[in-house]
Amino acid sequence: MDNEIKNNIAESSSVEANDNFELQNISKLGGTNNDEHDMAMLGRTQVLNRNFRFISTLGFACTLMSTWEIALMTSLFGLLNGGTAGLIWGYLIVWVGYMLVFATIAEMASMAPTSGGQYHWVSEFAPARYQKFLSYIVGWTSVLGWQTGLASLTFLVGTMIQGLIILDNPNYIPERWQGTLLVIAITAFCIIFNTFLAKKLPMIEGMVLIIHIVGFFAVLIPLWILAPRNPAKEVFTEFLNLGGWSTTGVAFMVGLLSPIYTLIGADSAVHMSEEIKDASLVLPRAIMWAAGINGTMGFIMIITFCFCLGSVFDIIQSPTGYPFIQVFFNVTQSNAGTCIMTAILIVNITSACISTVATVSRQTWSFARDKGLPFSSFISYVKPGWNIPLNSVLITFTITTLLSLINIGSTVAFNAIGSLAVSAILGTYIISFTVLIFRRLRKEPLPARRWTLGRYGIFVNIGAVLFLLVVWVFVFFPLQTPVTLATMNWNVLIFGSVMIFAVVYYLFIGKNTYSAPVELVKRNL
């Protein structure tokens, strides 16, 4: 009897010592008691530094989305398919729809603030018999979406640089291999910030937030002061069909792809959850503030651009490949002025690439931590002292470099990567939101959260899914002219190939090795 009492006391002391160690570890890495509680509920051990606070998290989300900058960069597609009226009203419609998406993600992030994001949430809320496979597929889709998204974003920066070269040297002929080298160089630059300067990343994100906002006014004010104005009736009511579609209505729907790409990335900061102090409250607040700030700046910039661009028919033929560069030149009548204004966008989008590398590497690391990828042990390794997923960062650089080589063979195939990234990420939203809706409809308990949608949650969730389903169809199955090598839907081909590989890997290896995240509610019953 005495021995049994002693053993119980020893066991109790051991458990208390382990709890104290975990709490000390969380505290040492910058966490709070709420973070310690969340990590325990998630069944995780804190290994990353929690260096991000509200402002740095807000800066991270705002700069990664870079809404007003990307709105200008993607304006050509919207002008061809909808004109100025399509660009403005399409942006507004997509922004409203995305606010439902942002709100749903914010609440789910408060329930389970984990770097895994969508695949973890699917594991939390899906019915038990579908839990493992669904979360596995969503994990692969999320990795695919973010990895290809980084390649697409760095490519945009590279082509902008080439656009400026064309402005200053009309005889310059951009080569595909040059674009590939620019992608590799920009990604390598971003890797430096995510490795050697990783501890300074929160401070850098706060500074970049300032540049993001100040740069907005630095571009906006010259346009307001110097540019001639198009008539308001023309800007807001004239829809154009310059893409050869059967009707202007179809052209408008196709043109929605421009704001869809502009506003995507609602889950970006989610994948930094385990590096945010007091994440279950700070993260959802930062997500919603970023949606409001970025969405507003993007809408103002789009309206300003449409008033200042002059003739749509002339501007879409700009030799630089970017109508906004031509607008800057028309307004300033100066190569130097145009270069300065465009350089602001290049700096900000490069900053977005830095944030994207962080998001991609954390999401990939988290999925590897659950043994969802080949070579998971290597990818999920966290170097002691660095407290960052270094191997995952380097893998991300390797993947982007390999993807950029596609551009040498075919720019058309490489451009499909952009729509592939969008469709993959939107797909993860749809699945994770849908299983949450079914859980709510079944009246099953949800994890506690500190940021909530209250009784309106189910309506916001359903609205978000309906919106996503419509836009996902247009992204994943874009309307095509007669199929040729140039118009072939490479998006479906690449996505299908990756999913086939993922399923085969799951059936032969992953089914036995993948450990789907535990369901929070069951852990606490």
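- Per an unreviewed UniProt entry, the recorded name for the protein chain is Amino acid permease, and the organism is Hyaloscypha variabilis.
- You can read under Subcellular location (unreviewed entry) in the UniProt record for the protein chain the words "Membrane".

### Some details on helix α12 (residues 248-255)
- Turning to α12, its buried residues number three or more, namely A251, F252, V254 and G255. The arc that holds the buried residues of α12, viewed along the axis, is 165°, so those residues lie on one side.
- Those residues of α12 hidden inside the fold are in contact with α5 (75-80), β1 (81-82), α6 (83-111), β2 (240-241) and α13 (257-263).

### Regarding the packing of aromatic side chains
- Across all of its chains, the model carries 26 aromatic pairs by this definition.
- Note on Y136 and Y514: the rings are 5.5 Å apart at their centroids and 65° apart in plane angle, and the pair reads as edge-to-face. Here Y514 lies in the loop between α23 (490-513) and α24 (520-523) and Y136 lies in helix α8 (residues 128-168), a separation of 378 residues in the sequence. For the residue pair Y136 and Y514, the accessibility class agrees, reading buried in each case.
- What links up through ring pairs into an aromatic cluster is the set Y119, F133, Y136, W140, F367, F501, Y505, Y506 and Y514.

### Here we look at the pattern of salt bridges
- Counted under the stated rule, the structure contains 9 salt bridges.
- Note that E444 is salt-bridged to R442, the shortest N-O span being 2.8 Å.
- Of the residues examined, R442 reaches a relative accessible area of 35% and is grouped as partly exposed.
- Shared partners join several salt bridges into a network, and the residues in it are E107, R440 and R449.

### Points about the packing of helix α10 (residues 201-226) against helix α16 (residues 323-332)
- At a minimum axis separation of 10 Å, α10 and α16 run at an interaxial angle of 50°. As judged from the angle between their axes, α10 and α16 are oblique. In this structure, α10 crosses over α16, and the sense of that crossing is left-handed. When α10 is examined against α16, the residues V219, P222, L223 and L226 are found in contact with a partner set consisting of V327, F328 and V331.

About the criteria used
- Residues numbered from 1 in each chain as written.
- Predicted model: local features only at pLDDT ≥ 70, side-chain atom pairs only at ≥ 80, totals over all residues.
- Heavy atoms only, no water.
- UniProt positions renumbered as here; feature names shortened; annotations may be inferred.
- Buried < 20%, exposed > 50% of the residue type's maximum accessible area, 1.4 Å probe, protein only.
- Helix = DSSP H or I, 4+ residues; strand = E, 2+ residues; numbered from the N terminus.
- Arc of directions from axis to C-beta.
- Contact = heavy atoms within 4.5 Å.
- Phe/Tyr/Trp six-rings, centres within 6.5 Å; stacked < 30°, edge-to-face > 60°.
- Salt bridge = Lys/Arg side-chain N within 4 Å of Asp/Glu carboxyl O.
- Axes fitted to C-alpha atoms, helices over the stretch in contact; angles between N-to-C directions.
- Parallel < 35°, antiparallel > 145°, perpendicular 65-115°, else oblique.
- Left-handed = near helix turned anticlockwise from the far one by under 90°.

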